[in-house]
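Single-letter residue listing:
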Amino acid sequence: MFTVGVRSFCSRLFRVANRCFVPPFLLLGGLIALAGAPLRAQTTPYPSEYQLRERTSSGGETLKHVVYVPRNVEPGRKYPLVIYLHGRCDECTTNERILKESGLQWWHDYDRDVQKEPTFLLAPVGGTGGWSSLARSRAVFEIMDGLLDEFPIDRQRIYLMGFSMGGMGIWNYLQQRPGFFAAANPQGGPALELDPELVKNTPIWATIGIDDDPQRLELLESNVARVHLANGDPSGAATWDTGVNPRLTIFADTGHGGAQDKTQQIPGLREWFYAQSTNGHIPPNVRFVRPLPLDQEYTSPVAALVSAAVPNGTIDRVEFCVGDKVLFVAHQEPFEYTFIDLAPGVHTLAARAVESSGKSSRAEVTIRVGARSK
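Residues numbered from 1 in each chain as written. Predicted model: local features only at pLDDT ≥ 70, side-chain atom pairs only at ≥ 80, totals over all residues. Heavy atoms only, no water.

This brings us to the overall build of the protein. For the protein, the helix and strand inventory stands at 11 helices and 16 strands. The buried share among the 374 residues of the protein stands at 48%. For the protein, the proportion of contacts with a sequence separation of at least 24, taken over those separated by at least 6, is 66%. Per element, the accessible surface of the protein, about 18,500 Å² overall, is 53% carbon and sulfur. (Helix = DSSP H or I, 4+ residues; strand = E, 2+ residues; numbered from the N terminus. Buried < 20%, exposed > 50% of the residue type's maximum accessible area, 1.4 Å probe, protein only. Contact = heavy atoms within 4.5 Å. Areas by Shrake-Rupley, 256 points an atom, 1.4 Å probe, with all protein chains shown as cover.)

Take a look at the structure:
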């Protein structure tokens, strides 16, 4: 079932008034009274761009869901779609309850209802039933495919975000449709079953709190380590920015539920999503082979060696940086550079790998430099 927006309601009311010869001042007075009624105002605690829907899949699974249709869509253009999968929730059985999920409304800055880039949103209502059963996933995919036919959605920019049970669903959906989704953010939800080869080329940014359930944390780290290995990185579930897919952020002093809020506070997360697309080119995997972020001290000059590779293209260049300042550009292997004149203290070194189409990944390593021995 669809909601009737305020603008649509007003236009219908004016048409009725015209047909019934209602004086305009009476119509205006009625609208003012309606707008001032506190009970009526409380019935729409969400932006009018939301539509409340229900659909029964070909397998007989009926799912309520909410759809956000951005208001500033231009003819002839296509826009991203985000699918948000909520966590296990006894109360999450209505469209109205799902509208309270911050992981969905984060995409338009909550009550501000502002998007830097118009983005369609979809959040199905799942209660506690999980997302990974064949019946449930079929229902979600059919809703999603229906939106692709209905709206001007860019099929190369379909993103997944979800928490806990929703995070687990994300890993499942990435494996059911490998290469279909452009990026994913599973929060506090590991994969129970994982084939790294099916997900290794989809940009993933996994997040979790350090105080989450130890078994959940351990399993997610194992997921990340296995995909890292499939992408040529044997260093395990490294939490520094290795530039190898997937990324992993573990929040300090954070439990299970807190990972949602902390994820939304990650600088540049939306921009990271929007930069991803399934246009046939995959972001490179880049990491420092040396130096490594160990407790040991290094002495300047510091020799750096970077590994950079892309599965379906070539590396055009690797830029060696301190902060955003590019110090050296290497165009062929081995990708090496010696950082000189590093003063004693802590330094963050960076390497940005760019593949032939322009897609890039950045790796960082923070090291401690000691004083030169005399």
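On the secondary structure map, Pro-70 appears in the loop between strand S2 (62-68) and strand S3 (79-85). Along the backbone, Pro-70 and Leu-121 are 51 residues apart, and their C-alpha atoms lie at a distance of 8.7 Å. Not counting residues within four places of it along the chain, the set of residues in contact with Pro-70 comprises Gln-115, Pro-118, Thr-119 and Phe-120.

Where burial is concerned, the two faces of strand S14 (residues 335-339) differ: the one with Phe-335, Tyr-337 and Phe-339 is buried and the one with Glu-336 and Thr-338 is not. Pairing geometry for strand S11 (residues 302-309) and S14, over five bridges, is antiparallel. Among the inter-strand pairings, Leu-305 is bridged to a residue of S14, identified as Glu-336. (Pairing = 2+ DSSP bridges.)

As a further point, take the environment of Leu-174. Checked against the element boundaries, Leu-174 lands in helix H7 (residues 165-176). Each C-alpha atom, one on Leu-174 and one on Leu-198, is 7.4 Å from the other, the two residues being 24 residues apart in sequence. If we skip the residues at most four places from it in the chain, Leu-174 touches Leu-160, Phe-181, Ala-184, Leu-198, Val-199, Thr-202 and Ile-204.

With that settled, consider H7. Over its 12 residues, H7 runs 17 Å from end to end, which matches the ideal 16 Å to within 8%, given 1.5 Å per residue. In terms of burial, H7 is a largely internal element, nine of the 12 residues being buried. Inspection of H7 places Met-165, Gly-166, Gly-167, Gly-169, Ile-170, Trp-171, Tyr-173, Leu-174 and Gln-175 among the buried residues, and these make up the whole buried set. Packing partners of the buried residues in H7 comprise S3, helix H6 (134-150), strand S5 (153-163), strand S6 (183-187), helix H8 (196-199) and helix H9 (214-230). (Expected span 1.5 Å × (residues − 1).)

It is worth spelling out the sheet that holds strand S12 (residues 315-322) at this point. Spatially, S10-S16-S15-S12-S13 is the arrangement adopted by the five strands of the open sheet, whose pairing is mixed. The open sheet has two edge strands, strand S10 (297-299) and strand S13 (325-330), and neither has a second partner. When strand polarity is set aside, the average angle formed by the axes of neighbouring strands in this sheet is 40°. As defined by bridge partners, strand S15 (residues 345-355) adjoins strand S16 (residues 360-370) across 10 bridges and the pair is classed as antiparallel. Across the sheet, the residue bridging to Gly-345 is Val-369, located in S16. (Axes fitted to C-alpha atoms, helices over the stretch in contact; angles between N-to-C directions.)

A few words on H6. Between its first and last C-alpha, H6 extends 24 Å over 17 residues, near the 24 Å set by a 1.5 Å rise per residue. Restricting attention to buried positions, one finds in H6 the residues Arg-136, Ser-137, Ala-139, Val-140, Phe-141, Glu-142, Ile-143, Met-144, Gly-146, Leu-147 and Leu-148. Among the structural elements, strand S1 (50-56), S2, S3, strand S4 (120-124), S5 and H7 are those in contact with the buried residues of H6.

Membership of the largest hydrophobic core comes to 40 residues, with the highest contact counts inside it found for Leu-81, Ile-83 and Phe-181. For this core, the element with the most residues is H6, which contributes seven residues. Residue contacts for Ile-83: discarding those within four places in its chain leaves Leu-122, Met-144, Ile-158, Tyr-159, Leu-160, Met-161 and Phe-181. Within the second largest apolar cluster, 30 residues are counted, among which are Trp-106, Phe-163, Ala-183 and Phe-273. (Core = buried A, V, L, I, M, F, W, Y, C linked by side-chain atoms within 4.5 Å.)

Moving on: the state of the cysteines. Counted by the stated rule, this structure contains one disulfide. Each sulfur in the disulfide pair Cys-89 and Cys-92 lies 2.3 Å from the other. Disulfide Cys-89-Cys-92: torsion about the S-S bond near 75°, hence right-handed. There is no split in this pair, since Cys-89 and Cys-92 are both buried. (Disulfide = S-S within 2.5 Å.)

Turning our eyes to something else, we now look at a nonpolar patch on the surface. A cluster of nonpolar residues, Trp-240, Leu-292 and Leu-294, forms a patch on the protein surface that exposes about 260 Å² of accessible area. Turning to its location among the elements, Leu-292 is positioned in the loop between strand S9 (285-290) and S10. (Patch = residues over 30% accessible without salt bridge, like charges linked within 9 Å, V, L, I, M, F, W, Y side chains within 5 Å. Salt bridge = Lys/Arg side-chain N within 4 Å of Asp/Glu carboxyl O.)

Bringing the sheet that holds S9 into the picture now. Reading across from one edge, S9-S11-S14 is the order of the three strands in this open sheet, with antiparallel pairing throughout. Every interior strand has two partners, whereas the edge strands, S9 and S14, have only one. Here the average twist between neighbouring strands, direction ignored, is 25°. Sheet topology note: the S9/S11 ladder contains five bridges and is antiparallel. Bridged to Arg-290 within S11 is Leu-305.

For the protein, the mean per-residue pLDDT works out to 88, and 87% of the residues sit at or above 70. Long-range and interchain partners of residues 1-44, a stretch whose pLDDT sits below 50, account for 23 contacts in this model, where long-range means more than four residues apart. (pLDDT = per-residue confidence, 0-100.)

Below, the discussion takes up the side chain of Asn-285. When you line up the elements, Asn-285 lands in strand S9. When its relative accessible area of 11% is taken as the criterion, Asn-285 is described as buried. At a separation of 3.4 Å, a polar atom in the side chain of Asn-285 contacts the side chain of Asn-231. Residues in contact with Asn-285, not counting those within four places in the same chain, are Asn-231, Gly-243, Val-244, Asn-245, Ser-307, Ala-308 and Ala-309. (Polar contact = N/O pair within 3.5 Å; in protein donor to acceptor, adjacent residues only side chain to side chain.)

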